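Structure assessment
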Amino acid sequence: MFMKKIKLKTPRRLLFLFMIMATILLVSYDKTVLENFTIKTVLGLIILVYISNYLLNKISSGDRYIFLIISMLFSIGLIMIYRINSYLGTKQLIWIVVGVIAFFITYIIMKKNKNWDKYILLYIVAGYSLFFMTFLFGSATKGAKNWINLGSISFQPAELIKIILIFILASYYSKKEKYDQYKYASLGLMGIVYSFLILLFLQRDLGMAVVFYGIFFCIQYIYEDDRRLLFLNILLFLLGGLIGYNFFGHVKVRMQSWINPWKYIERQGYQITQSLFAIAEGGFFGTGVGKGYPDFIPEVHTDFIFAAICEEMGTLVGIGIIMLFLIFVYRGFKIGITQKDKFYRILALGISISFGIQIFIILGGVLKMIPLTGITLPFISYGGSSMLTSFIALGVLQRASEDIDENGDKNG
């Protein structure tokens, strides 16, 4: 019992020490932090995270480490965003606090209700409703009409629809025997998912469409009995890729900048080449916070935050971030594999797949492994709706980590 308490307390104390050191780093970079309310907010966040981890261990019998991992990630992202733009850094602080609160609210709501697998029609209606709201009230940003402005706050409904999609898939495949009595039930599900993809295409939000497709294909691959539907899914994806390439000009631009960015270094290849320069400039140990030139990279606080981190904090920190993400996704899959309830098993797998695909797409784009798409790096990039929905998904995953199989190890 004594060793177990030490095991649970040590990571929390190390996180507390890490965040204190991060605050000192922030102050050493910008002395004006001490003259405004930012330092109070940072210290408040440290206390909130420490207390949150403590309370989580008290109220949840599930995974002990996913929240700790995420706390490390958003702390690193916060330092970099504040260094790039102190105003955006302060806003990011507020969103993190809101996200942590949303995490606990989501966990408690998920814990109280035992019938989440029975609301598939409600999830479908909610998904279409959010798409309808986007088309009706949305505003175009960088050619994509995927944001709704509520005063000074902007929200991307597709981030929430992504979670709703996972609930739809979990509700369907957890009760597949029930739906098998209908001859074309699986085709109907495909129709719903592809209608979501078409709506994303109409919004010109192709990055999110890839994430949606990846979630659906992976869950379908695991749980669909009719393997012909997998081949149909692949053919439709290839067809969609051809349509996107031929009818969306910015897709061609991104393909050109991926294949040979140096040829277009002054135009469409400028962003990716500056990203590669920044990563190379940082080396293993970085130039130091405040001593790099992240402002040379367009949209550095969102799409290219990883390049800025590698430049000023070093490739070793970049590798550390990748390792933290790998551990996080691994634990998500482990939760899914050891979960007794099929609905929560699919939820855990779906959320882990969602994070894994999103992380691979944005890191692959920044490192020029794949064509770049405009999505955020979870918990690190600047963005209110992304931060909030990521914490909501984390709350669902925390709930799914409970009631695992007796042969599963909750903490190991």
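Residues numbered from 1 in each chain as written. Predicted model: local features only at pLDDT ≥ 70, side-chain atom pairs only at ≥ 80, totals over all residues. Heavy atoms only, no water.

What follows concerns empty space enclosed by the protein. Where empty space is left becomes clear once a probe the size of a water molecule has been rolled over the atoms. Scanning the entire structure with this criterion turns up 4 cavities of 30 Å³ or more. Taken as a whole, the largest cavity encloses approximately 90 Å³ of empty space. Taken together, 10 residues line the largest cavity, and the ones lying closest to its centre are Ala-22, Thr-23, Val-42, Leu-78 and Ile-79. Within the residue set of the lining of the largest cavity, elements represented by two or more residues are helix H1 (2-29), helix H2 (38-59) and helix H3 (66-84). Ranked by residues supplied to the lining of the largest cavity, first place goes to H1 with 4 residues. Taken together, the residues of the lining of the largest cavity break down into 8 nonpolar, 2 polar and no charged. (1 Å grid on protein atoms, 1.4 Å probe; cavity = no way out; pocket = protein on both sides within 12 Å on 5 of 7 lines; lining within 4 Å. Points joined across faces, edges and corners; volume = space filled by probe spheres on them. Helix = DSSP H or I, 4+ residues; strand = E, 2+ residues; numbered from the N terminus. Nonpolar A, V, L, I, M, F, W, Y, C, P; charged D, E, K, R; others polar.)

Moving on, we come to the layout of surface pockets. Empty space within the second largest pocket amounts to approximately 850 Å³. Around the second largest pocket, the lining comprises 28 residues; the ones closest to its centre are Phe-201, Val-210, Phe-237, Gly-240 and Gly-241. Elements with a contribution of two residues or more to the lining of the second largest pocket: helix H8 (185-202), helix H9 (206-223), helix H10 (228-247) and helix H11 (249-259). Looking at the lining of the second largest pocket element by element, the count peaks at 10 residues for H10.

Helix length check: helix H16 (residues 384-400), at 17 residues, gives a terminal C-alpha distance of 24 Å against a target of 24 Å (1.5 Å per residue), a fit within 8%. Within H16, 17 of the 17 residues are buried, which leaves it mostly tucked inside the rest of the structure. (Expected span 1.5 Å × (residues − 1). Buried < 20%, exposed > 50% of the residue type's maximum accessible area, 1.4 Å probe, protein only.)

Along the chain, Val-42 turns up in helix H2. On the basis of relative accessible area, Val-42 is assigned to the buried category, the value being 7%. The sequence separation of Val-42 and Ala-22 amounts to 20 residues, and the corresponding C-alpha distance is 9.7 Å.

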